[in-house]
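Coordinate inspection notes
Listed here are the chains, written in short residue letters.
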Number of protein chains: 2
Amino acid sequence: MQKKSEYTEAIKTKYPEQVVIAIARDENGKANPVTLGWTMIVSGKPAMMAIAVAAKHYSTVCIRNSKCFTIAFPSEKQAEAVLFFGSRSGRDIDKFAQFDCATESAVEINSVLLSDAVANFECALESETVAGDHVIFVGSVVCAHVNTEPGKRLYTVGPGHKMGAAG
Amino acid sequence: MQKKSEYTEAIKTKYPEQVVIAIARDENGKANPVTLGWTMIVSGKPAMMAIAVAAKHYSTVCIRNSKCFTIAFPSEKQAEAVLFFGSRSGRDIDKFAQFDCATESAVEINSVLLSDAVANFECALESETVAGDHVIFVGSVVCAHVNTEPGKRLYTVGPGHKMGAAG
């Protein structure tokens, strides 16, 4: 049976929640990673993925600049990177310069991949839609990559940015 | 280290994947549930959620008709309902008539809730955006509900519609 609840309480049933790191370059070429929980696949053929980014976040500037972005599925070993990239702004710092995280060049877009992620998806920007305090960016997946050493994907497993594997 | 991969291979790293049941009424008032893996929160204030629905699916007709939809988080006990609602078309049958699944009236929108779900979110349609072979529907959450008996949320835990709890 259901009982009416505040949204903020009801949404706590969402865990484990997927987490991705989206990466896009700003006008100076700086690759800026951001941690996002709000993401989904949106099309099968052609393959497309979407992310919702806070409208005020620097990543919106970067994605609009470069018209492309990487979506990386971090591995369970990357919790510290996930927390770092999700708690700093690329307006103030160069996140990849301040946090040791291996990257390699993307193949089809002007961005980077996370070498230790479980998988990386290179996305060409297709559309953006404002939704409340966030912007939904949809990208076509133009190239995909997996880790040569399979690992488990990282999730947010509970409130307060509690990270871990799930499954 | 990353190696280039087919998208269809790389995306297999997505599991466990969240699953929701979205419900909207058609023009005859029939409530039509559909199982979706492609969903995300898109705004914090105001609270908004999005779903990606195959363009050709009957649910797109229902959502456009009623301008609202429920998002239910099924419990781990609802795997059969999830598989049934995800494998039939509301064009052909009345899914709630053919599969025994307790429902109750929504409060703020003209839809129903799943009584045994972990949580239900009543959404008023805000926008739709075509993305490849799917349509992204964004809704404002106008009312939320949780189960009076807390349970675990259901996930797709592997390829081939393998369902289970996660976390």
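Attention here is on the structure that accompanies the text. Everything quoted here is computed from the prediction, not taken from an experiment. (Residues numbered from 1 in each chain as written. Chains lettered and ligands numbered in written order. Predicted model: local features only at pLDDT ≥ 70, side-chain atom pairs only at ≥ 80, totals over all residues. Heavy atoms only, no water.)

Looking now at empty space enclosed by the protein. Enumeration according to the criterion identifies three cavities of 30 Å³ or more in this entry. Reported here for the largest cavity is a volume of approximately 110 Å³. What lines the largest cavity is a set of 14 residues, and nearest its centre among them are Gln18, Met40, Ile41, Phe73 and Arg153 of chain A. When residues of the lining of the largest cavity are traced back to their parent elements, those giving at least two are strand 5 (39-43) of chain A together with strand 2 (17-18) of chain B. Per-element accounting of the lining of the largest cavity gives the leading share, three residues, to strand 5 of chain A. Partitioning the lining of the largest cavity into residue classes produces seven nonpolar, four polar and three charged. Considered as a void within the structure, the second largest cavity measures approximately 90 Å³ in volume. Together, 14 residues line the second largest cavity, and Glu17 of chain A together with Gln18, Thr39, Met40 and Ile41 of chain B are the ones closest to its centre. If you list the elements that add at least two residues to the lining of the second largest cavity, you get strand 2 (17-18) of chain A together with strand 5 (39-43) of chain B. Per element, the largest residue contribution to the lining of the second largest cavity is three residues, and it comes from strand 5 of chain B. (1 Å grid on protein atoms, 1.4 Å probe; cavity = no way out; pocket = protein on both sides within 12 Å on 5 of 7 lines; lining within 4 Å. Points joined across faces, edges and corners; volume = space filled by probe spheres on them. Helix = DSSP H or I, 4+ residues; strand = E, 2+ residues; numbered from the N terminus. Nonpolar A, V, L, I, M, F, W, Y, C, P; charged D, E, K, R; others polar.)

The next thing to look at is unusual backbone geometry. A cis amide bond, omega -5 degrees, links Tyr15 of chain A with the succeeding residue Pro16 of chain A. Considering the arrangement of structural elements, one finds Pro16 of chain A in the loop between helix 1 (7-10) and strand 2. A cis amide bond links Lys45 of chain B with the next residue in sequence, Pro46 of chain B, at an omega value of 0 degrees. Looking at the element boundaries, Pro46 of chain B is found in the loop between strand 5 and strand 6 (48-54). The phi angle at Lys67 of chain A is positive, at roughly 60 degrees, despite the residue not being glycine.

So, on to the pairing of strand 11 (residues 134-147) of chain A. Counting buried residues in strand 11 of chain A gives 13 out of 14 residues, a clear majority hidden from the surface. Bridge analysis of strand 6 (residues 48-54) of chain A against strand 11 of chain A gives seven bridges, and the strand direction is antiparallel. Bridging from a neighbouring strand, Met48 of chain A pairs with Ser140 of chain A of strand 11 of chain A. Pairing analysis gives twelve bridges linking strand 10 (residues 119-131) of chain A to strand 11 of chain A, with the strands arranged antiparallel. Looking at the pairing, Ala124 of chain A lines up with Ser140 of chain A of strand 11 of chain A. In this antiparallel pair of consecutive strands, strand 10 of chain A and strand 11 of chain A, the connection spans two residues, and Gly132 of chain A shows a positive phi of 60 degrees. Here strand 11 of chain A pairs with strand 1 (residues 2-5) of chain B via four bridges, running antiparallel. Paired with His145 of chain A across the bridge in strand 1 of chain B is Lys4 of chain B. (Buried < 20%, exposed > 50% of the residue type's maximum accessible area, 1.4 Å probe, protein only. Pairing = 2+ DSSP bridges.)

All names here are of chain A. Quantified by volume, the largest pocket comes out at close to 1,100 Å³. Lining the largest pocket are 43 residues, with Lys14, Gly37, Trp38, His134 and His161 sitting closest to its centre. By residue number, the principal contributor to the lining of the largest pocket is strand 4 (residues 31-36), which donates four residues. In this model, the second largest pocket occupies a volume close to 780 Å³.

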